[in-house]
Amino acid sequence: MKKLISLVLAAVMALSLVACGSGNKDKDTGDKTYKVGVVQLVQHEALDAATKGFTDALKEALGDKVEVVEKNASGDSNNCTTIVNGFISDKVDLIMANATPALQAAASATSTIPILGTSVTDYATALEIADWTGTVGGNISGTSDLAPLDKQAAMLQELFPNAKKVGMLFCSSEPNSKYQVDEVTKLLSAAGITCTEYTFTDSNDVSSVTQKACDDSDALYIPTDNTAASNTEAIANVVLAAGTPVIAGEAGICKGCGAATLSIDYYELGKITGQMAAKILTGEADISTMPVEFAPTATKQANMANCEKLGITVPADYTALATE
C-alpha cells in the first residue's frame, strides 16, 4: 500500500511540474507569431504614409514575429467589407483600418478581433457614439488625424483677411469631412464670414462642383477628405485658373491643390498606431481601455509654388511644403 501511495504521489508531482512548465510557456510570447491585416480605403499620400508608419513601428517592435498583409479598397467602401471578411476568415490577430469607411467596415464585421483605426478624424461621428469619452471600448481603439480646427480657421483669416465668402468643398459621403466643415463653419461664422457647402460625390463631379465653389467664393476650405485627396489634380486645374486660394486640412491635399495647411505628420500617426498594436498583440495593453490617440504636433505649411501663382505673401512662420 505504501508503495502504491508513493507511486501515486510521484505521478501527481510529475503532472504538476508539467503543468507548471506549460503555464510558463504560455506566458512566454517569445515564440509566438502574429498576423495583422491592414485595410486601406484608397491610395493617396496621407493614407500611404500612415500605413507605412504603422508597418514600420510594428516591425520595429516585433520583427519577424509579425506578418502584415496590406489590402487597398481602391476608394470603394464595399471593397473594405470584402477585405475585412477575408481577414476574419484568415483568423488575423488584429485589423488596422486606415480611414473612416475602413473602420466602419471592420467594426460592423467583428466584435472580437482587435481593431485599430488611423486617419480617422472623429470616432464619435464615425461609429455613431453619443456619449463620447475619448475611449471607444470593446475591441476598437486607434488614432485620430484631427488637426486643431480653430487654428485652421485662424489661418484662413490670417492669410485672406478680406475674404467674406468661404466655400466648404468636400465629399458628401464622408461624415468626418462634414464634421470638420461644421466646426470650421462655426468659427468663421462667428467672425462674420459667410460659409457655403459645396459637395461632390466622386471624381465625376469634383471639377464642376469646384468651379461652382470658386465662382461664388473668395477662398475655399477643404478638410481631410479622402476623395478630395485622390482628386487634387482636378481640383488644382480649377482653383488655380480661377485664382481662388485653398486652405487644406492636410499636407497631401495642400501639396496637390492648396495654398496652405495646418497638418499633422501621417507617418508619425501611423507609427503611434503601430506601437499601440504591438502592445495589444503581446498582451501589454487591453484595447478596450485604450483611449484614441492624436498626433502630438501640427505644422503650418505653405505650397510656395501655388502661393506665388496666386500672389499670396506667406508669413515667416510657415514651412515650405515639399511639392516634388
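This write-up is about the structure you can find in this document. Computed from a predicted model, the values in this text were never measured in an experiment. (Residues numbered from 1 in each chain as written. Predicted model: local features only at pLDDT ≥ 70, side-chain atom pairs only at ≥ 80, totals over all residues. Heavy atoms only, no water.)

### Observations regarding the overall build of the protein
Here is step 1: What the protein contains, in helices and strands, is 13 helices and 13 strands.
Here is step 2: Looking at the protein as a whole, 48% of its 324 residues are labelled buried.
Here is step 3: Restricting the contact set of the protein to residue pairs at least 6 apart, pairs at least 24 apart contribute 72%.
Here is step 4: For the protein, the computed accessible surface area is about 15100 Å², with 51% contributed by carbon and sulfur atoms. (Helix = DSSP H or I, 4+ residues; strand = E, 2+ residues; numbered from the N terminus. Buried < 20%, exposed > 50% of the residue type's maximum accessible area, 1.4 Å probe, protein only. Contact = heavy atoms within 4.5 Å. Areas by Shrake-Rupley, 256 points an atom, 1.4 Å probe, with all protein chains shown as cover.)

### Here we look at the sheet that holds strand 9 (residues 246-248)
Here is step 1: Strand order in this open sheet of seven strands is 7-6-8-9-10-12-13, and the pairing throughout is mixed. Here the strands that pair on one side only, and so sit at the sheet edges, are strand 7 (194-200) and strand 13 (319-320).
Here is step 2: As defined by bridge partners, strand 6 (residues 165-171) adjoins strand 8 (residues 219-222) across three bridges and the pair is classed as parallel. Counterpart to Val166 in the pairing with strand 8 is Ala219.
Here is step 3: Contacts between helix 7 (residues 175-190) and the sheet are confined to strand 6, strand 7 and strand 8, with strand 6 contributing the most and set at about 170° to the helix. (Pairing = 2+ DSSP bridges. Axes fitted to C-alpha atoms, helices over the stretch in contact; angles between N-to-C directions.)

### Concerning the pattern of salt bridges
In a structure, side chains of opposite charge can pair up when their charged atoms sit close to one another.
Here is step 1: For the coordinates displayed, the defined rule picks out eight salt bridges.
Here is step 2: Measuring nitrogen to oxygen at the nearest pair gives 3.2 Å for the salt bridge that ties Glu183 to Lys186. Of the two residues, Glu183 and Lys186 are both situated in helix 7; the distance of three residues between them amounts to about one turn of the helix.
Here is step 3: Residue Lys212 is joined to Asp216 by a salt bridge in which the shortest nitrogen-to-oxygen separation is 3.2 Å. Within this pair, Lys212 and its partner Asp216 are both found in helix 8 (residues 206-216), separated by four residues, close to a single helical turn.
Here is step 4: Looking at Lys212, the relative accessible area reads 45%, which means it is partly exposed.
Here is step 5: In this structure, a network of salt bridges that share partners links the residues Glu158, Lys300 and Asp317. (Salt bridge = Lys/Arg side-chain N within 4 Å of Asp/Glu carboxyl O.)

### Topic: the side chain of Thr185
Here is step 1: Tracing the backbone shows Thr185 in helix 7.
Here is step 2: For Thr185, a relative accessible area of 19% corresponds to the buried category.

### Things to note about the sheet that holds strand 5 (residues 140-144)
Here is step 1: On the basis of which strands lie adjacent, the open sheet formed by six strands has the order 2-1-3-4-5-11 and parallel pairing. Either end of the sheet is taken by a strand with one partner, and the two such strands are strand 2 (66-72) and strand 11 (293-294).
Here is step 2: Alignment of strand 5 against strand 11, held across two bridges, turns out to be parallel. Bridge pairing in strand 11 links Ser144 to Phe294.
Here is step 3: Its contacts with the sheet place helix 2 (residues 45-62) against strand 1 (34-40), strand 2, strand 3 (94-98) and strand 4 (115-120), and it is angled at close to 170° to strand 2.

### Examining the environment of Ser203
Here is step 1: You can see Ser203 is positioned in the loop between strand 7 and helix 8.
Here is step 2: C-alpha separation for the pair Ser203 and Ala234, spaced 31 residues apart in sequence, amounts to 8.3 Å.

### A short note on the side chain of Asn139
Here is step 1: Tracing the backbone through its elements, the reader meets Asn139 in the loop between helix 5 (123-127) and strand 5.
Here is step 2: Judged by relative accessible area, Asn139 falls into the buried class, the value being 9%.
Here is step 3: At a separation of 2.8 Å, a polar atom in the side chain of Asn139 contacts the main-chain carbonyl oxygen of Ile113.
Here is step 4: Non-local contacts of Asn139, meaning those with residues more than four positions away in its chain, are made with Thr110, Ser111, Thr112, Ile113, Pro114, Ile115 and Ile287. (Polar contact = N/O pair within 3.5 Å; in protein donor to acceptor, adjacent residues only side chain to side chain.)

### Topic: unusual backbone geometry
Here is step 1: In the Ramachandran plot, Ser74 falls in the positive-phi region, its phi being about 55° despite a non-glycine side chain.
Here is step 2: Following the sequence through the fold, Ser74 ends up in the loop between strand 2 and helix 3 (77-89).
Here is step 3: In this structure, Glu128 takes a positive phi of about 55° despite not being glycine.
Here is step 4: Secondary-structure assignment places Glu128 in the loop between helix 5 and strand 5.

### A word on helix 8
Here is step 1: For helix 8, the set of buried residues is Val206, Val209, Thr210, Ala213 and Cys214. Taken around the axis of helix 8, the buried residues stretch over an arc of 140°, which confines them to a single face.
Here is step 2: Contact partners of the buried residues in helix 8: strand 6, strand 7, strand 8 and helix 10 (232-242). (Arc of directions from axis to C-beta.)

### Description of helix 6 (residues 149-159)
Here is step 1: Residues of helix 6 that are buried: Leu149, Gln152, Ala153, Met155, Leu156 and Leu159. One face of helix 6 carries all of its buried residues, which in axial projection span an arc of 155°.
Here is step 2: The inward-facing, buried residues of helix 6 contact strand 6, helix 7, strand 8, strand 9, strand 10 (260-263) and strand 12 (299-302).

Limitation: the analysis is restricted to geometry and does not speak to function.
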